[in-house]
Every structure is written in structure tokens, then in C-alpha cells.
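Coordinates in review
Given next are the chains, with one letter for each unit.
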Amino acid sequence: QVQLVESGGGLVQPGGSLRLSCAASGNIRSISVMGWFRQAVGKPRDLVAIITSGGATTYANSVKGRFTISRDGAKNTVYLQMNSLKPEDTAVYYCNLRAEDLLQRSMISWGQGTQVTVSS
């Protein structure tokens, strides 16, 4: 079993900043990818940003230059620094983990989601 605990969502004005955190714990042998997806009302869940164990990153075009993903390998934690937020960034943000458990089985886990609302 793996647990993902997210924090940092909330209400912010356009142009503001938020920092999301996601800490993974449980029967984890190794993590290959951690990242963030988001789902706005009435829309599918889309990739925001991911980071590999080697530090390679991928961003959605809509957030490039505004969001920065980083990780602390020692703490199994991933962060998403969100700057210059826009109303269209409003969504539930989900942490995602791709890893191997202690029996070397591949697994994909999702956090419970954290609401980000950008509004004046």
C-alpha cells in the first residue's frame, strides 16, 4: 500500500502563487516518476507536470514558464510551484506516482486531490 498526501491548494487571486506538495509513503522500493495532473469541472484529467527519478521534467504547454516541478528524493516528495496563476488554472490537482513496491511490482497511485481556485 502506498499513501500520497497532498497539501498547498487554496484560493488565490489572478497573478498570485501557490505551492503544492505531495509526500509518498508506504511499501515503496523505488520511484520512477512523480507528477501532477489536474481536472477542471466538466473536463478530463490532464497532465500538468512530471519529474523522473533522474530529474527530467515534462510540462503541459499551458503552464510552461509559470509552473516549476521539483522533488526531494530523500523524502519521496514532489512539489509544484505555481506562479502567475490564471483563472483557467482552476481545477482539482492530483498527485501521481509511478513506482515499484517492495516485491518489485509496478504500481501507479493517485492522491486524493487538492482544490486550486484562481479568482478575484
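Residues numbered from 1 in each chain as written. Predicted model: local features only at pLDDT ≥ 70, side-chain atom pairs only at ≥ 80, totals over all residues. Heavy atoms only, no water.

A few words now on unusual backbone geometry. Most peptide bonds take the trans configuration, and most residues that are not glycine carry a negative phi. Despite not being glycine, Asn-76 has its phi angle at roughly 50 degrees, a positive value. Locating Asn-76 in the fold gives a position in the loop between β7 (67–72) and β8 (77–82). Note on Asn-76: relative accessible area 23%, which makes it partly exposed. With a phi close to 50 degrees, Ser-84 is a non-glycine residue in the positive phi region. In this fold, Ser-84 is placed in the loop between β8 and β9 (91–101). With a relative accessible area of 40%, Ser-84 lands in the partly exposed category. (Helix = DSSP H or I, 4+ residues; strand = E, 2+ residues; numbered from the N terminus. Buried < 20%, exposed > 50% of the residue type's maximum accessible area, 1.4 Å probe, protein only.)

Moving on, we get to the side chain of Thr-114. Here Thr-114 is to be found in strand β11 (residues 114–118). For Thr-114, a relative accessible area of 12% translates into the label buried. Setting aside residues up to four positions removed in sequence, Thr-114 forms contacts with Glu-6, Gly-9, Leu-20, Ala-91, Val-92 and Tyr-93. (Contact = heavy atoms within 4.5 Å.)

This brings us to the pattern of salt bridges. Applying the stated criterion across every chain yields a total of four salt bridges. The closest approach of N and O atoms between Arg-29 and Glu-100, which form a salt bridge, is 3.0 Å. Residue Arg-29 is found in strand β4 (residues 28–39), and its partner Glu-100 is found in strand β9; the two are separated by 71 residues along the sequence. Between Asp-89 and Arg-38 there is a salt bridge, and its shortest N-O distance comes to 2.9 Å. Here Arg-38 lies in strand β4 and Asp-89 lies in the loop between β8 and β9, a separation of 51 residues in the sequence. Residue Arg-38 is classed as buried on the basis of its relative accessible area, which comes to 13%. (Salt bridge = Lys/Arg side-chain N within 4 Å of Asp/Glu carboxyl O.)

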